[in-house]
Amino acid sequence: MARRRSRRNGPSAGAVIGAVSLIVCILGAGGGLLYLWSKSGTGALDADLCSVADGPTSVTAVLLDVTDPISDITKVDLQRNFQRIVSTVEKGGLVEVYSLSDELGTLKRTYRGCNPGDGASADQLTSNPKRIQERWDKAFNRPLKEIEDQMGAAAEGKQSPIMAGVQRIVIESFSDLRNENKPKTLIVASDMIEHTASFSIYKSGVDYAAFEKSDAKERFRTPLDGITFDVLAFDRESPLELARLPEFWLQWVRSNGGEWGGYKRLVGTK
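Because the structure is a prediction, the values reported are computed rather than measured.

Asks: An account of the sheet that holds strand 2 (residues 94–100) is needed here, citing residue identities and associated values.
Replies: The six strands are arranged 3-2-1-4-5-6 in an open sheet whose pairing can be described as mixed. Of all strands in the sheet, those with a lone pairing partner are strand 3 (107–114) and strand 6 (259–269), marking the two edges. Strand-to-strand twist of the sheet, defined as the mean angle between neighbouring strand axes without regard to direction, takes the value 15°. Taken together, the seven bridges between strand 5 (residues 227–235) and strand 6 define a ladder with parallel strand orientation. Considered in strand 6, the bridge of alanine 233 is made with arginine 265. Sitting on the sheet, helix 2 (residues 72–87) is in contact with strand 1 (59–65), strand 2, strand 4 (184–190), strand 5 and strand 6, with an inclination near 145° to strand 6. The strands touched by helix 8 (residues 245–255) are strand 5 and strand 6; relative to strand 6, the strand with the most contacts, the crossing angle is about 150°.

Here you go:
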């Protein structure tokens, strides 16, 4: 008569399934905590609302020429274009706004900050959408709207050193190591009539050959590599023949290694 095999002592199938389920739950909870921890680390912002870890995702600088007043309708058109520019800056993108004075190479930076994203872009798991919306409005939206209201309120200046202003922005802002290999755009809102002791369109006319023979060529040489250059142009009532202004600036931008974005004439004249 065959002997019956004794049953080995060991865990039941139910116990094994239970243990596996517990391990899966622990791993899932651990993964969730790791996700939250990683998101909170990468979300840290500096004083300019830019990512502490990675810096800005892009840089958009606007140079406003306030060396001469503009007409009311031109101011409205400029405001609308400024709104459009700011609205296209993605979350994490840096916006800087500068005012050009009639002092050579002297700029006033009126705003600097990254777009922190509004409440709609907030992560529901790791952040407070209401608080983020308030931060976006207070530190990004409202200050830029205040700049819109101040546009065009300028007194007539002694000179208009546009090239020197562009040079200052490129060297002091765009050349920052944190901005290396990031998309960069420079928008100049001006009548684009360069007027300095080194070179003046009022004296030489819109003549790029005359500019190349002047001291301004080397004095205002600017590395525009990797930078898209856009113009919002104010029209002036002037005896000068200004039809070739876009071509003049196109040549200057490309000779300095920049990418020509376009030349848009705003409505109205002054």
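So much for the structure itself; the text now carries on.
Asks: Describe unusual backbone geometry, listing the residues and the values that go with them.
Replies: The phi dihedral of leucine 49 is positive, around 65°, even though this residue is not glycine. Relative to the elements of secondary structure, leucine 49 occurs in the loop between helix 1 (13–42) and strand 1. Leucine 49 sits in the buried class, given a relative accessible area of 14%. Despite not being glycine, asparagine 181 has its phi angle at roughly 65°, a positive value. With respect to the helices and strands, the residue asparagine 181 is situated in the loop between helix 4 (162–174) and strand 4.

Asks: Which residues make up the state of the cysteines, and what values do they have?
Replies: Under the defined criterion, the tally for this structure stands at one disulfide. Here cysteine 50 pairs with cysteine 114 through a disulfide, and the sulfurs are 2.1 Å apart. In this structure the cystine formed by cysteine 50 and cysteine 114 twists about its S-S bond by roughly 90°; its chirality is therefore right-handed. Of this pair, cysteine 50 sits in the loop between helix 1 and strand 1 while cysteine 114 sits in strand 3, and the two are 64 residues apart along the sequence. Per residue, the accessibility class of cysteine 50 equals that of cysteine 114, and both read buried.

Asks: Lay out helix 2 with the relevant residues and their values.
Replies: The end-to-end C-alpha distance of helix 2, which contains 16 residues, comes to 23 Å, matching closely the 22 Å that a straight helix rising 1.5 Å per residue would cover. Those residues of helix 2 not exposed but buried are Thr74, Asp77, Leu78, Gln79, Asn81, Phe82, Ile85 and Val86.

Asks: Describe the nonpolar core, listing the residues and the values that go with them.
Replies: It is characteristic of soluble globular proteins that their nonpolar side chains tend to be buried jointly. Within the largest apolar cluster, 38 residues are counted, with the highest numbers of intra-cluster contacts made by Val166, Leu186, Phe248 and Trp252. For this core, the secondary structure elements donating two or more residues are strand 1, strand 2, helix 4, strand 4, helix 6 (208–212), strand 5 and helix 8. Per-element accounting of this core gives the leading share, seven residues, to helix 4. In this structure, phenylalanine 248 is in contact with Met163, Phe199, Ile201, Val206, Asp207, Tyr208 and Phe211, ignoring residues within four places of it in sequence. Core analysis: the next-biggest nonpolar cluster, separate from the first, contains 21 residues, Leu78, Phe82, Val89 and Leu144 among them.

Reading the values: rules and limits
- Residues numbered from 1 in each chain as written.
- Predicted model: local features only at pLDDT ≥ 70, side-chain atom pairs only at ≥ 80, totals over all residues.
- Heavy atoms only, no water.
- Pairing = 2+ DSSP bridges.
- Helix = DSSP H or I, 4+ residues; strand = E, 2+ residues; numbered from the N terminus.
- Axes fitted to C-alpha atoms, helices over the stretch in contact; angles between N-to-C directions.
- Contact = heavy atoms within 4.5 Å.
- Buried < 20%, exposed > 50% of the residue type's maximum accessible area, 1.4 Å probe, protein only.
- Disulfide = S-S within 2.5 Å.
- Expected span 1.5 Å × (residues − 1).
- Core = buried A, V, L, I, M, F, W, Y, C linked by side-chain atoms within 4.5 Å.

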